[in-house]
Amino acid sequence: MDPTLVAVRERPRPPLRVLEYFLVLLRRTFRGTIFTGFLSPLLYLVALGYGLGSLVDRGQGLDGVPYVQFIAPGILVATAMQIGVFDASYPVLGAIRWDRQYHAMLATPVGVRDVVTGHIAGITLRSLLSAVVFLVVAYALRAVPSWTGVLSLVAVLLVTVAYATPMFAIAARAQTDVSFTLVFRLGVIPMFLFSGTFFPVSQLPTAIQPIAYVIPLWHGSSLARDATLGTLSWGMDLLHVGYLLLWCVLGGWLATRTLRRRMVV
Amino acid sequence: MSNPASTTHTPGVLPTGTEVLIEAVGLRKTFGDFVAVDGIDVQVHRGEAFGFLGPNGAGKSSTMRMIGCVSPVSGGSLRILGMDPALDGARIRARLGVVPQQDSLDGELTVRDNLYVYGRYFGIPRAECRRMATELLEFANLTDRADSLVDPLSGGMKRRLTIARALINSPEILLLDEPTTGLDPQARHVLWDRLFRLKRSGVTLVLTTHYMDEAEQLCDRLVVMDKGRIAAEGSPRSLIEQWSTREVLELRFDEDDLSPHARRVEGIGERVEVLPDRLLLYVDDGEAAGRAVHERGVRPLSSLVRRSTLEDVFLRLTGRSLVD
Amino acid sequence: MSLAAVVVERNVVTYRRQWIAFLTGFLEPVFYLFSLGLGLGALIGDITLPGGQVVSYPQYVAPAMLAMAAMNGAVFDATYNMFFKLKHAHTFDAMLATPIGPRDIALGEMAWSLVRSGIYVTGFLLISLAMGLVRSWWALLAVPAATLIGFVFSGLGMAATSWVRNYVDFDYIQMALVPLTLLSATFFPIEAYPAQVRWLVELSPLYHGVVIERGLMLGDVGPGLLVHAAVLVVVGSIALWVARRRLAHLLLK
Ligand SMILES: Nc1ncnc2c1ncn2[C@@H]1O[C@H](COP(=O)(O)OP(=O)(O)O)[C@@H](O)[C@H]1O
Ligand SMILES: [Mg+2]
């Protein structure tokens, strides 16, 4: 019998089995999720949106957009980035080296590609869950003025995967977690602070603006901002989606390749 | 009924020794230039307990990982359950149970969830996973720890849980890589008892060990492995008969250089081995040999007569001891 | 104290291998200064201090970020690293088998936190100076004043860590740090709050640190700063006392 036929009939499909593991795990670590995924971003929104916003909005503000409405989408996708990077760092290295969950999975019919797909899906689900809660509160606070704001979840999804997959590849190569500190402090925090979360990239010195344009987070926050402010436009926003998709695909390929090299020896 | 494996395997239907489940011919594993497994031939039959006995670095784990279809074969051929690991890895793994050398239990899950989640990796329906988990907890004697996290468990409990987990898919072959290394004697005996039960219920056991007593206790048949090659093959008893004498006379001395003594007892038995702190005389009758030693004027600190073991076989085959 | 110095020395030895973590820990407040201070600051304009002095927004934020550097420097070691040593590495158990006692450990760990925090603060001050964000000679006192902030957070961090059971519990510590960072008159003045909730801000030790540093770096100095300093001394002493007792309880049971 053709083995591919057998595979098609298997239920559930192997990546879903791995995903199910991460859902079981999520139940156990829910408290942490509430904080990093929801309370912390909400605090940024309120403190900076209203507190700092009271200073920003004294002047001409940001093209007439109240500051809280400007940063709401920024914080939304920046949180997606943080969850994507963080959840694909320690947990991945741990599943290879410390707790060795991946070894356990690969001893079963589950394969390397299933492991990557399932784990990334788990991270994305958690990220979306946090984003939905954040969005509901942001709507209630009038920090999101347009009904198209719901579409910002597309940006959340893409940003999570665009960051989780390359980080997965880094973690799958790592021997220790030393490099993670570097990624967080020299990668995630600068991107969080300089890629359009808190102020338009046009405020940066002209010489370094092009750097912001290659950073996925900038595309994510631009896309999400167009959605929440109701200023979506086909051309530019499809470009953002396309660019983020590129990262997702390349990252996914890299993550699978790296994990295979690490585990299948 | 405490052993779930017996539900799927009826002992006695297939007499031991008929069906070949694992067949390796000239099997090799290399890491870069380094040869870890250097062309081994092995056949494992349904229902038997088959062992790889060898010291650290012999290539046992490398072999087991190839059989477990998680490590690609570098050369030679390997067929498991009639299939090729390179093509049908997932389908083979669906019918294997694996107890790796290093535990891969999930520290973030409870004991019960470890079993449940692992069952789901096989695509076993949820209700069935839950039922099996309960049954296997009983089998592993962990029922009262079901809702505890894995971390606080003792080494022996973790190992039992790993074995229980490997049984969740009612495997036809159970691969055990050093199942009792690092456990205290009591925990080892509990574990051996569980493995006996599995064997009686018809599960084919393939295990590695560097303990000769474990190999003697558990294995119907074994290969002695050293430096990636197979040095000898047979049942524990036949190996001892073939490669050693019936008894061994051990002579201890409180001296640094034992070679003068070795020369003086030369010829009493078949062979003399010089270890750092004692001499081993391979003889048929230990008592008689002891008298002969005395007659030659050799005065050891103490002397002891014992039966030959696989340790002696290994020493004979490789000139080194199993455990360093 | 000499035995506590040995505890410090141990940390220096381990950090020789972890200098990357050490160095990059310093960068976060610097990044914030550039991002919110300079990037966003251009949209904000000038700030009028309670004393009537008018300063640019980067000048307003820099002292707060210096206080944050002091807090971060102290907290990293007093929490995560402390927990690791306590629970996993059994560093302290090994120490207690020698003439070193819990008091030496608490003091030594705190001294080390202060060293780390002091290095961060000095670096930050130099950067602020180079960027023209320092307006007064009083800023010479910014580093000694920051030791008070380090003292408080090292004590609080150690005390809190002594109750931590596993890494998941660090979420609570993180949950405390984020609001402290955002709400302690760091990025916007306390006057931005409704009058009824200002007392809440005053509960934050970081707030008192920020007020002191801002006064020193911008030259807005008065006897009021001594009150803020006294608050830090009192809170820090209580925290250290608790930490020492808790450590003794955990290690000598
Ligand atoms: N992934 C690997 N890369 C390089 N060398 C390896 C790897 N795995 C095992 N080896 C080497 O192969 C040899 C055999 O190892 P192993 O199969 O684990 O032996 P055993 O299980 O009998 O102790 C050892 O010398 C070991 O260092
Ligand atoms: Mg091994």
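The coordinates are above.
Presented here is a report on the structure given in the accompanying data block. (Residues numbered from 1 in each chain as written. Chains lettered and ligands numbered in written order. Predicted model: local features only at pLDDT ≥ 70, side-chain atom pairs only at ≥ 80, totals over all residues. Heavy atoms only, no water.)

1. Quick word on the sheet that holds strand β8 (residues 221-226) of chain B
Residue and element names in this part refer to chain B.
Then, in step 1: If you walk across this open sheet you meet the 6 strands as β5-β6-β7-β3-β8-β9, and the pairing is mixed. Strand pairing shows two members of the sheet lacking a second neighbour, β5 (96-99) and β9 (229-234), which therefore form its edges. Shown here is a sheet whose adjacent strand axes are inclined to one another by a mean of 15°, direction ignored.
Then, in step 2: Relative to β8, strand β3 (residues 49-53) is paired through 4 bridges, and the arrangement is parallel. Note on β8: the bridge partner recorded for F52 is V223. (Pairing = 2+ DSSP bridges. Helix = DSSP H or I, 4+ residues; strand = E, 2+ residues; numbered from the N terminus. Axes fitted to C-alpha atoms, helices over the stretch in contact; angles between N-to-C directions.)

2. Quick word on the site of ligand 1
Residues and elements named next belong to chain B.
Then, in step 1: Within the structure, ligand 1 sits among F31, F34, A36, P55, N56, G57, A58, G59, K60, S61 and S62.
Then, in step 2: Measuring from an oxygen atom of ligand 1, one finds a backbone N or O atom of G59 at 3.0 Å.
Then, in step 3: Considering ligand 1 on its own, with 560 Å² of exposed area, one finds that the protein chains cover 62% of that surface.
Then, in step 4: Per-element accounting of the shell around ligand 1 gives the leading share, 3 residues, to helix α1 (residues 60-67).
Then, in step 5: For the shell around ligand 1, a count of residues per class yields 5 nonpolar, 5 polar and 1 charged. (Near = heavy atom within 4 Å. Polar contact = N/O pair within 3.5 Å; in protein donor to acceptor, adjacent residues only side chain to side chain. Areas by Shrake-Rupley, 256 points an atom, 1.4 Å probe, with all protein chains shown as cover. Nonpolar A, V, L, I, M, F, W, Y, C, P; charged D, E, K, R; others polar.)

3. Some thoughts on the coordination of the magnesium ion (ligand 2)
Residue and element names in this part refer to chain B.
Then, in step 1: Only S61 (OG) and Q101 (OE1) from the protein coordinate the magnesium ion (ligand 2), and they sit 2.0 to 2.2 Å from it. Linking S61 in helix α1 with Q101 in the loop between β5 and α3 (111-121), this pair joins segments that are 40 residues apart in sequence.
Then, in step 2: Given a relative accessible area of 21%, S61 falls into the partly exposed group.
Then, in step 3: Exposure remark for Q101: the relative accessible area of 40% places this residue in the partly exposed category. (Donors = N, O, S within 2.8 Å, 3.2 Å for Na, K, Ca; no water. Buried < 20%, exposed > 50% of the residue type's maximum accessible area, 1.4 Å probe, protein only.)

4. Topic: the sheet that holds strand β10 (residues 247-252) of chain B
Residues and elements named next belong to chain B.
Then, in step 1: Taken together, the 4 strands give an open sheet; going across it, the order is β11-β12-β10-β13, and neighbouring strands pair in antiparallel fashion. In this open sheet, the two strands that pair with only one neighbour each are β11 (271-274) and β13 (302-307). With direction set aside, neighbouring strand axes in the sheet form an average angle of 20°.
Then, in step 2: Pairing of β10 with strand β12 (residues 278-283), which is carried by 6 bridges, proceeds in the antiparallel orientation. Of the residues in β12, the one forming a bridge with E250 is L280.

5. What about the pairing of strand β6 (residues 173-177) of chain B?
All names here are of chain B.
Then, in step 1: In terms of residue burial, β6 counts as a mostly covered element, since 5 of its 5 residues are buried.
Then, in step 2: Of the two faces of β6, the one lined by I173, L175 and D177 and the one lined by L174 and L176 are each fully buried.
Then, in step 3: Sheet topology note: the β5/β6 ladder contains 4 bridges and is parallel. Directly across from L96, in β6, lies its bridge partner I173.
Then, in step 4: One ladder, built from 5 bridges, connects β6 with strand β7 (residues 204-209); its direction is parallel. In the strand pairing of β7, I173 is matched with T204.

6. Comments concerning unusual backbone geometry
All names here are of chain B.
Then, in step 1: The backbone of C69 shows a phi angle near 60°, a positive value even though the residue is not glycine.
Then, in step 2: Structurally, C69 can be placed in the loop between α1 and β4 (75-80).
Then, in step 3: The class for C69 is buried, based on a relative accessible area of 11%.
Then, in step 4: Despite not being glycine, S170 has its phi angle at roughly 45°, a positive value.
Then, in step 5: With respect to the helices and strands, the residue S170 is situated in the loop between α5 (155-166) and β6.

7. Things to note about a negative patch on the surface
Then, in step 1: Judged by side-chain charge, D254, E255, D256 and D257 of chain B come together as a negatively charged surface patch.
Then, in step 2: Structurally, D254 of chain B is set in the loop between β10 and α9 (259-265). (Patch = residues over 30% accessible without salt bridge, like charges linked within 9 Å, V, L, I, M, F, W, Y side chains within 5 Å. Salt bridge = Lys/Arg side-chain N within 4 Å of Asp/Glu carboxyl O. Lys, Arg positive; Asp, Glu negative; His and termini not counted. Charge placed at Lys NZ, Arg CZ, Asp CG, Glu CD.)

8. Notes on the interface of chain C and chain A
Then, in step 1: Listed by partner, the interface residues are 35 residues for chain C and 29 residues for chain A.
Then, in step 2: When chain C packs against chain A, close to 2,900 Å² is buried across both sides, 75% of that on carbon and sulfur atoms.
Then, in step 3: Inspection of the chain C/chain A interface yields 0 salt bridges.
Then, in step 4: The interface formed by chain C and chain A holds 5 residue pairs in polar contact (both at pLDDT 80 or more) in total. (Contact = heavy atoms within 4.5 Å. Buried area = accessible area lost by both parts, 1.4 Å probe.)

9. Some words on the packing of aromatic side chains
Residue and element names in this part refer to chain A.
Then, in step 1: Scanning the entire structure with this criterion turns up 20 aromatic pairs over all chains.
Then, in step 2: Plain terms: the ring middles of F86 and Y90 are 5.6 Å apart, the flat faces sit at 45° to each other, and that makes the pair tilted.
Then, in step 3: For Y90, a relative accessible area of 27% gives the class partly exposed.
Then, in step 4: Measuring from ring centre to ring centre gives 5.1 Å for Y90 and F180, while their planes differ by 85°; the resulting arrangement is edge-to-face. (Phe/Tyr/Trp six-rings, centres within 6.5 Å; stacked < 30°, edge-to-face > 60°.)

10. A word on the pattern of salt bridges
Residue and element names in this part refer to chain B.
Then, in step 1: Taken as a whole and assessed by the stated rule, the structure comprises 27 salt bridges over all chains.
Then, in step 2: D38 is paired through a salt bridge with R28; the nearest N and O atoms lie 3.0 Å apart. Of this pair, D38 sits in strand β2 (residues 34-45) while R28 sits in strand β1 (residues 20-31); the two residues are 10 residues apart in sequence, bridging distant segments of the chain.
Then, in step 3: Across the pair E135 and R131 runs a salt bridge whose closest N-O atoms are separated by 2.8 Å. Highlighted residues: E135 and R131, both in helix α4 (residues 126-139), separated by 4 residues, approximately one helical turn.

11. Examining the packing of helix α8 (residues 236-243) of chain B against helix α11 (residues 310-318) of chain B
Residue and element names in this part refer to chain B.
Then, in step 1: Remark: α8 packs on α11, axes separated minimally by 9 Å, with the N-to-C direction vectors making an angle of 50°. By the criterion of interaxial angle, the relationship of α8 to α11 is oblique. Of the two elements, α8 crosses α11, and the hand of that crossing is left-handed. Packed against α8, whose contacting residues are P236, L239, I240 and W243, the element α11 presents L310, V313, R316 and L317 at the interface.
Then, in step 2: Looking at side-chain class alone, the contact of α8 with α11 contains 7 nonpolar, no polar and 1 charged residues. (Parallel < 35°, antiparallel > 145°, perpendicular 65-115°, else oblique. Left-handed = near helix turned anticlockwise from the far one by under 90°.)

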